[in-house]
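Coordinate analysis (summary)
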Amino acid sequence: QRVTSEGRRYSATTRDGERLQVVVIDRDLEGAGLLSRAWRTLRLRDDDAYGGLSMRRTLERAALMSYAAEAAGLPTPHLRAVREVGPDASLLAYQHLEGQTFGAIEVTDDDLRGAWQAVRRMHDEHIAHRALSSEHLLRDPDGHVHLLDMGAGVVAMSDLQERIDLAELLATSRSEEHTSEL
């Protein structure tokens, strides 16, 4: 189990042997990240900072982003199930992708090229990620780059949201470049 501002994350296996990544959203995490979202709104005039306040809204946003990414053919894990598991919790189950995040590997030029191409494809579909860090970029065993954790993203992105994504990816690219030089 790993707890993030989006929810508690688990690895699971179905009866058929399919591996899944499960995110459980519960009422305990409803206010998580409120202060940072409010600060981001004030600092960047981002009108969507309060998107994670309710469990239902967080669930619906994550599902929307997964469906939009899949419809656009983006390299993201496919959403397999969305369920309410009681009055105080819901879950999203995603396809498990083999590979390692950029934070866990020595990133190559091909990895960076793949990340920039994936983000360009995403932006061509007017989708913004809003959290492009080394932990949200994954290289699979075949060398393909995937975008992870799209739940904070937006459809019909603004120019500002696109520029923020590009700045985040540039900062991530630069930090990976300096890490590989060490």
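For the structure itself, consult the block above.
The present account deals with the structure reproduced in this document. Here the structure is a predicted model, which is why all the values come from computation and not from measurement.

**Description of the environment of Arg 2**
In this fold, Arg 2 is placed in strand S1 (residues 2-3). Sequence separation of Arg 2 and Val 23 is 21 residues, and the distance between their C-alpha atoms is 9.4 Å. Apart from the residues lying within four places of it in its own chain, the contact partners of Arg 2 are Gly 7, Arg 8 and Arg 9.

**Re the pattern of salt bridges**
Inspection of the entire model under this criterion finds ten salt bridges. A salt bridge links Arg 8 to Asp 26, with the shortest nitrogen-to-oxygen separation between them at 2.9 Å. One end of the pair, Arg 8, is in strand S2 (residues 8-13); the other, Asp 26, is in strand S3 (residues 19-26), and 18 residues separate them in sequence. Neither Arg 8 nor Asp 26 differs from the other in exposure class; each is buried.

**Concerning the nonpolar core**
Ranked by internal contacts, the top residues of the largest apolar core, which has 19 residues, are Phe 102, Met 122, Ile 127, Leu 137, Leu 147 and Met 150. Here the element with the most residues in this core is helix H3 (residues 109-124); it accounts for five residues. Every residue in contact with Met 150, bar those within four places of it in the chain, is listed here: Met 65, Ala 69, Thr 76, Met 122, Ile 127 and His 129. In terms of nonpolar packing, the next biggest core, distinct from the first, is built from nine residues, Val 23, Ala 63, Leu 79 and Tyr 94 among them.

**Things to note about the sheet that holds S2**
Strand order in the open sheet made by the five strands is S1-S2-S3-S5-S4, with antiparallel pairing throughout. Because the sheet does not close on itself, it has two edges, and the strands there are S1 and strand S4 (79-84). One ladder, built from seven bridges, connects S3 with strand S5 (residues 89-95); its direction is antiparallel. If you follow Gln 21 over to S5, its bridge partner there is Tyr 94.

**Quick look at the side chain of His 136**
Its location among the elements puts His 136 in the loop between strand S7 (127-128) and strand S8 (137-139). Residue His 136 is classed as buried on the basis of its relative accessible area of 16%. Not counting chain neighbours up to four residues away, the residues in contact with His 136 comprise His 129, Ala 131, His 146, Leu 147, Leu 148 and Asp 149.

Basis of the calculations
Residues numbered from 1 in each chain as written. Predicted model: local features only at pLDDT ≥ 70, side-chain atom pairs only at ≥ 80, totals over all residues. Heavy atoms only, no water. Helix = DSSP H or I, 4+ residues; strand = E, 2+ residues; numbered from the N terminus. Contact = heavy atoms within 4.5 Å. Salt bridge = Lys/Arg side-chain N within 4 Å of Asp/Glu carboxyl O. Buried < 20%, exposed > 50% of the residue type's maximum accessible area, 1.4 Å probe, protein only. Core = buried A, V, L, I, M, F, W, Y, C linked by side-chain atoms within 4.5 Å. Pairing = 2+ DSSP bridges.

Spatial relationships are all this shows, so hold off on functional conclusions.
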